[in-house]
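The lines below spell out each chain.
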Amino acid sequence: MADRAPSVPSTSAPLLAATAPPPRVSKSTSAPSRIPPASSLARFGDKIYGAVTFLASLSIFIIILWLLYQLTGASLPAIHKFGWSFITKSDWNEETNSFHALPFIFGTLYSSLIALVLSVPISIGAAIFLSELAPRWIRTPATFLIELLAAIPSVVYGLWGIFILIPFLKLYVFQPVIQPHVPIYHRHLVHSVIRVGHSHLPFSYNHFDTTHIPLAQVKGIGFLFTGQSAGYSMLAAGMILAIMVTPFITAVTRDILRAIPRSQREGSYALGATQWETIKQVVIPYAKSGIIGAVILGLGRALGETMAVTMVIGNQSPSTPSGVSLSLFDSGYTMSSVLANKFNEAIPGLNLAALVEIALVLFGVTVFVNIVARLLVFYTAKDVHGGK
Amino acid sequence: MMDVTTQKPSSLQDLARSQTSTPTATKILVENVDFYYSAFHALKTINIVIPDRQVTALIGPSGCGKSTFLRTLNRMNDLIDGTKLTGKISLDGEDLYDKRVDVVDLRKRVGMVFQKPNPFPMSIYDNIAYGPRIHGLTNRKKLNEIVERTLRGSALWEEVKDKLKASAFALSGGQQQRLCIARTLAVEPEVILMDEPCSALDPNSTFRIEQLMEDLKKDYTIVIVTHNMQQAARVSQRTGFFLRGEMKEFGDTDQIFTSPKQKDTEDYVSGKFG
Ligand SMILES: Nc1ncnc2c1ncn2[C@@H]1O[C@H](COP(=O)(O)OP(=O)(O)O)[C@@H](O)[C@H]1O
Ligand SMILES: [Mg+2]
């Protein structure tokens, strides 16, 4: 499933062109030698090789089609019963056999969006630092660490979320925001959830005591901070996802920046540009399509991530009538967390079909995001590199 | 233009006199310059007087240090880790490597055209406006003027005036190189350094750029590196011959090509090696 990072097309095309002539031909024509010309056996080998690689790529295509066929087949009862309302309504009830997936679809998209908002500035900043600014003695170990982070299994991030992130959010973010009048000191006594690091936390006794207006009542942004959160929340899911995709986006973006020809930077410096002007106006525009690609591949990862999100998102639709809430503090579901949670106890029949339909929708969303990514990369690359 | 050589010690006056037959103002004075890439000694005791508003050509076999030398003149080598320069280079009498010199300012005064055309990933217009903009010019009308003037100056205007908004990458190699020259002119430098500007171009584009140099030298001091000796002979008034990091001979172009004083120079210009 892991996709290759899109490289800047104009740089990759000549590379391909340069390696185009097969070495066998040039050898036999340029240097007269005793080696006989390519035998028919070798040609036959070429054909076999071609056929095998063709079958391999065909099999991927077949697997995808087969998957799609199976998913559609198994979800047909739900598709017939609920039609489009499956993705526009919110009610999910095993007793009344009424199944709708809007909160889950929304949860998947919203948690991924939060992840990108948090992750993209950090990733791009880190990539710029590693590629343009960092001295070598920082660059090498930091790059190694980032690649290491990308390799940690998601359940580990999930556990970290449960034991560190959630208690922290609950005690030092959600409650102070929702009930600013309760002194933080009081909370220590009441909720002694985390025992680690109490004494070095950077909040003073009455830090929140001075603000008596809950953020939820602030015009314009209040909707983000409503609800009574126990810590398991959209924000927690978005943060965990951000932590997971940041190393990935950083690593890909860094590679893209490193691949920019030195002559581009020198051209800018030669006109009297500063380093910052060069980065902002030459390096980043040159890498734009690649960076967009990196971000969208990161989004693809966030959309499909299951384990870590399931562990921190709360797995409960918010109590709003629509079943959908923009509040960062509310708990929620994602499509994959629903599947992970409910599949085991699903009742065969409509219930199971509805769950499979969720999988089908998730499949569709992921494919859609990837197609959009390709198109976006293609068009920005064309824009930047003059349609060549 | 003030003639700075008159204020220099007599040995430098001698140097200036020995390198130029006709008296002209000195633009850049290079005194005892040594240059190192970490441990590698790339330039050895270079002394050159670069005259104002003339074309100075630097020739020599590949790897002899021509580009390295050229890049010391706008401190482009500062961007490479572990490089070191000793000696003195002065522009109109100011020490380029003085601590107080603002490199950004210096590069504005000493522009550079590279071996491979390197337009930025933006429109033709924005490529030229890039320099003036980073130096604080936002006035649209003035920018328009600069774009037109520099494109005319680099003999590209007629070809691109109807597609200024098109990507610079859509131009041919020769057009891109002229665009890069226009881009350099747009920041109004005093000196233009050119590092084999025609080596990636076809003969026709080469011809146009050589013509351009002829025009430009009325207003600019040009230093061009070339491995094409005919080109050096055609475009330059002074020529310096580099070999293995040393400047073997420097003098009037006619003299270098017709009666070189050094054996190495003679061998090189007569095509015995290179
Ligand atoms: N960035 C660099 N680091 C180390 N050595 C370099 C670097 N650039 C050039 N050199 C070396 O310096 C010498 C002169 O190079 P250069 O100035 O590019 O030669 P020329 O332009 O005359 O062909 C060569 O031996 C080259 O290998
Ligand atoms: Mg060179």
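The structure we're discussing is the one just above.
The present account deals with the structure reproduced in this document.

Structural notes on the packing of helix H6 (residues 136-150) of chain A against helix H9 (residues 234-258) of chain A
For any two helices packed against each other, one specifies the inter-axial angle together with the distance between the axes. All names here are of chain A. Packing of H6 against H9 brings their axes to within 8 Å, and their N-to-C directions diverge by 135°. Here H9 runs oblique to H6, going by the angle between their axes. For H6 against H9, the interelement crossing comes out left-handed. In contact with Arg139, Thr143, Ile146, Glu147, Leu149 and Ala150 of H6, H9 contributes Pro247, Thr250, Ala251, Arg254 and Arg258. Across the contact of H6 with H9, the residue classes break down as five nonpolar, two polar and four charged.

Let's talk about the interface of chain A and chain B
Counting from both sides, the interface comprises 24 residues of chain A and, opposite them, 27 residues of chain B. Between chain A and chain B, the buried area comes to about 2,000 Å², and carbon and sulfur atoms account for 61% of it. Of all residues in chain A, A:Glu266, A:Ala270 and A:Leu271 give up the largest surface area on contact with chain B, accounting jointly for 31% of the area buried on that side. For the pair chain A and chain B, the interface holds one salt bridge. Residues A:Glu266 and B:Arg71 are paired through a salt bridge, measuring 2.9 Å at the closest nitrogen-oxygen approach. For the pair chain A and chain B, the interface holds five residue pairs in polar contact (both at pLDDT 80 or more). Mapped by element, the contributors of at least two residues to the side of chain A that touches chain B are helix H10 (262-269), helix H11 (275-304) and helix H14 (350-385) of chain A. The greatest single-element share of the side of chain A that touches chain B, amounting to seven residues, is contributed by H10(A). Here the residues of the side of chain A that touches chain B are counted per class, giving eight nonpolar, ten polar and six charged.

A closer look at the pattern of salt bridges
Residues and elements named next belong to chain B. Evaluated as defined, the whole model comprises 25 salt bridges over all chains. In this structure, Asp92 engages Arg109 in a salt bridge whose closest nitrogen and oxygen atoms are separated by 3.5 Å. One end of the pair, Asp92, is in the loop between strand S4 (83-91) and strand S5 (94-95); the other, Arg109, is in helix H3 (residues 103-109), with 17 residues separating them in the sequence. Residue Arg109 pairs with Glu94 through a salt bridge whose shortest N-O separation is 3.5 Å. Here Glu94 lies in strand S5 and Arg109 lies in helix H3, a separation of 15 residues in the sequence. Here the residues in one salt-bridge network are Lys27, Asp92, Glu94, Arg109 and Glu190, joined through shared partners.

Observations concerning the layout of surface pockets
Taken as a whole, the second largest pocket spans an internal volume of roughly 600 Å³. A:Glu132, A:Arg139, A:Arg258, B:Leu79 and B:Asp81 are the residues nearest the centre of the second largest pocket, which is lined by 18 residues in total. The set of elements that each furnish at least two residues to the lining of the second largest pocket consists of helix H5 (102-133), H6 and H10 of chain A. Per-element accounting of the lining of the second largest pocket gives the leading share, four residues, to H10(A). Of the residues contributing to the lining of the second largest pocket, the split by class is seven nonpolar, two polar and nine charged.

Some words on the site of ligand 1
All names here are of chain B. Taken together, the residues surrounding ligand 1 are Tyr37, Phe40, Ser62, Gly63, Cys64, Gly65, Lys66, Ser67, Thr68 and Ile80. With respect to ligand 1, the side chain of Thr68 contributes an N or O atom lying 2.5 Å from an oxygen atom. For ligand 1, the accessible surface in isolation is 560 Å², of which the surrounding protein chains cover 63%. When residues of the shell around ligand 1 are assigned to their parent elements, the largest contribution, three residues, is made by helix H2 (residues 66-72).

A look at the pairing of strand S2 (residues 40-51) of chain B
Pairing of strand S1 (residues 26-37) of chain B with S2(B), which is carried by eight bridges, proceeds in the antiparallel orientation. Considered in S2(B), the bridge of B:Val33 is made with B:Ile46.

Thresholds, definitions, all that
- Residues numbered from 1 in each chain as written.
- Chains lettered and ligands numbered in written order.
- Predicted model: local features only at pLDDT ≥ 70, side-chain atom pairs only at ≥ 80, totals over all residues.
- Heavy atoms only, no water.
- Axes fitted to C-alpha atoms, helices over the stretch in contact; angles between N-to-C directions.
- Helix = DSSP H or I, 4+ residues; strand = E, 2+ residues; numbered from the N terminus.
- Parallel < 35°, antiparallel > 145°, perpendicular 65-115°, else oblique.
- Left-handed = near helix turned anticlockwise from the far one by under 90°.
- Contact = heavy atoms within 4.5 Å.
- Nonpolar A, V, L, I, M, F, W, Y, C, P; charged D, E, K, R; others polar.
- Buried area = accessible area lost by both parts, 1.4 Å probe.
- Salt bridge = Lys/Arg side-chain N within 4 Å of Asp/Glu carboxyl O.
- Polar contact = N/O pair within 3.5 Å; in protein donor to acceptor, adjacent residues only side chain to side chain.
- 1 Å grid on protein atoms, 1.4 Å probe; cavity = no way out; pocket = protein on both sides within 12 Å on 5 of 7 lines; lining within 4 Å.
- Points joined across faces, edges and corners; volume = space filled by probe spheres on them.
- Near = heavy atom within 4 Å.
- Areas by Shrake-Rupley, 256 points an atom, 1.4 Å probe, with all protein chains shown as cover.
- Pairing = 2+ DSSP bridges.

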